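Tertiary structure, described
Residues per chain, in single letters:
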Amino acid sequence: MSIQPDNDGLFARLRRGFAVLGFLYLGAVILLAVPWFQSHILYMNALKLPWNAHFDAPERHGLAPGKTANIKIQTADNHTLGAWFILSDTIYHNLSFPPPPSAAELHISEAVTQRPTVLFFHGNAATRALSMRVRLYSGFTSRLNANVLAIDYRGFGDSPGTPTEDGLSLDARAAWDWLIAQGASPQDVLIVGHSLGTAVTSRLSVDLSEEGVKFRGTVLMSPFSSLYTLLDTYNIFGVFPVMLPINMIPRAADIYKSFLVHKFDTLSVISKLKVPILILHAENDWDISHTHSDALFDALLEPYLPPVYSPPTSQESWSTQQWNEYHAQLVTRRETRESSLTHTVIPNFGLMDQFDGFGEQITLLKTSTGSHNEVCTLEGVQEVIRVTFFTPEDLR
């Protein structure tokens, strides 16, 4: 006597499972429309990794003894930011070893006047003491021979307060102003951001450009074009498109996005930058698609491409001549784009596109590996930063 499988029971369990997932998804969508939950999911500043960080003892997080000053920076709206200033290897190696714990703080003015400085803005979650970020600082101080100023935004690390889009902008400006007050020349400061920090970096860079300040350049690591477009491309665990169910309902996505209280719209402002720019992204980034970097690069290239005009009538009514003229414009635009770009294939590493815009070099680097967080620690990435922004004299 054969036993028949209980298909009805299996299907019932599957239906219950999908129903539970559906309710969880609906609950998450509703919660994310609430500003308080939005902010906590976006910033994740409550996740203060590493736990019990020793900000006043950077050596316990892997930095050399006496190389880092734990400092406080005051913002225009009276917030106090925790920050690290890390000496370049050249300055540090001139100190007797082991240096006193206060060595870095005593040599800040000397460091910023003699060496370039990287002003670094990290992504969401965790603090400036996160091991991945510490490895990045070490790469900057050694491979670039630059000082590093890394801050924790308000609400992050040991910086009290609550993060907001405008608040992070004030924090960034306070860090810049602090560097200049210590004696740094704007042309010696390279502004670098990762993930969420790319939006902070872009806003500060645009503000400085509009003020006519000439600084060394801007680096955007794993950027997103805006929060609106990030929602469209974000996949849960890199697999499930978060907006897919909502997109199935006409106009639902636009209505839902209207509840976003944060914009972080880099795409709308990046063309205002008038300095050398490096945009870099790993093609295996599961958090933020590398297509965001493509969009930002295309926005910078757009002013140098011929426009494409189409007849005011619907395409169904176009004549053969109109179609031919439209196609000819597309061909001209594509050829202009190709002739404007310099393509460089870096074997076993990635692809680099470059063009000259505003009299400055604009670079897009797409690496084949690195994922979202590790791409900025790759030696190859730091080498591209070196050859893009630093002269041989800077590295001596």
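Going along each chain's sequence as written, the residues are numbered from 1 onward. At least 70 in pLDDT is required for a residue's local features to be given in this predicted model, at least 80 for side-chain atom pairs to be given and counted, and no such filter applies to totals for whole chains, interfaces and linings, which use all residues. Water and hydrogen atoms were dropped before computing side-chain values, which therefore reflect all heavy atoms in the structure.

**A short note on the packing of aromatic side chains**
The cut-off we apply is this: Ring geometry is summarised as follows: Phe, Tyr and Trp rings, the Trp one being its six-membered ring, pair when their centres sit within 6.5 Å, and such pairs are stacked at plane angles under 30 degrees, edge-to-face over 60 and tilted between the two. In this description a helix means any DSSP run of H or I spanning at least four residues, a strand means any run of E spanning at least two, and both kinds are numbered starting from the N terminus. Think of it in three bands: residues with accessible area under 20% of the maximum for their type are buried, residues over 50% are exposed, and the middle band is partly exposed, with areas taken using a 1.4 Å probe on protein chains only. Whether a charge lies above a ring is judged from NZ of Lys or CZ of Arg, which has to be within 6 Å of the ring centre and within 35 degrees of the ring normal.
If you walk through the whole model with that rule in mind, you get 12 aromatic pairs. With a centroid separation of 6.0 Å and 55 degrees between ring planes, the pair formed by Phe85 and Trp178 is classed as tilted. Here Trp178 lies in helix α7 (residues 165-181) and Phe85 lies in strand β2 (residues 80-86), a separation of 93 residues in the sequence. For the pair Phe85 and Trp178, one class covers both residues: buried. The residue whose ring lies beneath Lys67 is Tyr92, and the NZ or CZ to ring-centre distance is 5.9 Å. For Arg216, the ring lying beneath its charged end belongs to Phe390, and the centroid distance is 5.3 Å.

**Focus: helix α6 (residues 131-143)**
Going by this rule: An expected span of 1.5 Å times one less than the residue number is assigned to each helix.
Given a rise of 1.5 Å per residue, 13 residues ought to cover 18 Å, and the 18 Å separating the end C-alpha atoms of α6 matches this to within 8%. Taken as a whole, α6 has its buried residues at Met132, Arg133, Val134, Leu136, Tyr137, Gly139, Phe140 and Thr141.

**A word on the packing of α6 against helix α14 (residues 379-389)**
Where we set the bar: Only the stretch in contact is used when fitting a helix axis, every axis being a line fitted to C-alpha atoms; angles between N-to-C directions are given from 0 to 180 degrees. Relative orientations are named as follows: roughly parallel for angles under 35 degrees, roughly antiparallel for angles over 145 degrees, roughly perpendicular for angles from 65 to 115 degrees, and oblique for any other angle. Two helices cross in a left-handed way if the nearer one is turned anticlockwise from the farther one by less than a right angle. They cross in a right-handed way if the turn is clockwise. Contacts are assigned to residue pairs with any non-hydrogen atoms lying within 4.5 Å of each other.
Packing of α6 against α14 leaves a shortest axis separation of 11 Å and a crossing angle of 45 degrees. Taken as axis vectors, α6 and α14 run oblique relative to one another. The interaxial crossing formed by α6 with α14 has right-handed handedness. Residues Leu136, Gly139, Phe140 and Arg143 of α6 form the contact with α14, whose participating residues are Glu379, Gln382, Glu383, Ile385 and Arg386.

**Side note on the nonpolar core**
What tends to happen in soluble globular proteins is that the nonpolar side chains get buried as a cluster. This is how the line gets drawn: Here, nonpolar core means buried Ala, Val, Leu, Ile, Met, Phe, Trp, Tyr and Cys residues that are tied together by side-chain atoms lying within 4.5 Å of each other.
Counting residues in each nonpolar core, the largest one holds 45 residues, and the members touching the most others are Phe85, Phe121 and Leu149. Top contributing element to this core by residue count: α7, with seven residues. Those residues in contact with Phe121, other than ones at most four positions away along the chain, are Ile151, Tyr153, Ala172, Ala175, Ile191, Val192, Gly193, His194, Gly197, Val200, Thr201 and Leu204. One finds Leu63, Leu278, Ala282 and Phe349 within the second-largest nonpolar core, a separate group that totals 34 residues.

**Side note on unusual backbone geometry**
In this chain, Leu49 is followed by Pro50 through a cis amide linkage whose omega measures -5 degrees. Looking at the element boundaries, Pro50 is found in the loop between α2 (35-43) and β1 (68-74). Here the bond from Phe97 into Pro98 is cis, since omega is -5 degrees, no more than 30 degrees from zero. With respect to the element layout, Pro98 can be found in the loop between α3 (89-93) and α4 (103-106). Residue Asn145 is not a glycine yet carries a positive backbone phi of 55 degrees. Phi at Ser222 is positive, roughly 55 degrees, even though this residue is not glycine.

**A closer look at the sheet that holds strand β4 (residues 147-151)**
So the rule is basically this: Two strands are said to pair when DSSP picks up at least two bridges between them.
With respect to topology, 10 strands assemble into an open sheet ordered β1-β2-β4-β3-β5-β6-β9-β12-β11-β10, the strand pairing being mixed. Single-partner strands in this sheet number two, and they are β1 and β10 (342-346). Taking the axes of each pair of neighbouring strands and ignoring which way they run, one obtains an average angle of 20 degrees across the sheet. Judged from the four bridges that link them, strand β3 (residues 117-121) and β4 form a sheet pairing that is parallel. By the bridge assignment, Leu119 is partnered in β4 with Leu149.

**Details of the pattern of salt bridges**
Our working definition: The working definition used for a salt bridge is a side-chain nitrogen of Lys or Arg within 4 Å of a carboxyl oxygen of Asp or Glu.
Overall, the coordinates contain 19 salt bridges when judged by the stated rule. Put simply, Asp77 and Arg154 hold a salt bridge, and the shortest N to O gap is 2.7 Å. Taken as a pair, Asp77 in the loop between β1 and β2 and Arg154 in the loop between β4 and α7 lie far apart in primary sequence, 77 residues in all. Members of the salt-bridge network, linked through shared partners, are Lys72, Arg128, Asp152 and Asp158.

**A closer look at the environment of Asp298**
Checked against the element boundaries, Asp298 lands in helix α12 (residues 291-301). A residue is classified by how much of its surface remains accessible, and Asp298, at 32% relative accessible area, is partly exposed. Each C-alpha atom of the pair Asp298 and Leu364 lies 9.8 Å from the other, and the pair is 66 residues apart in sequence.

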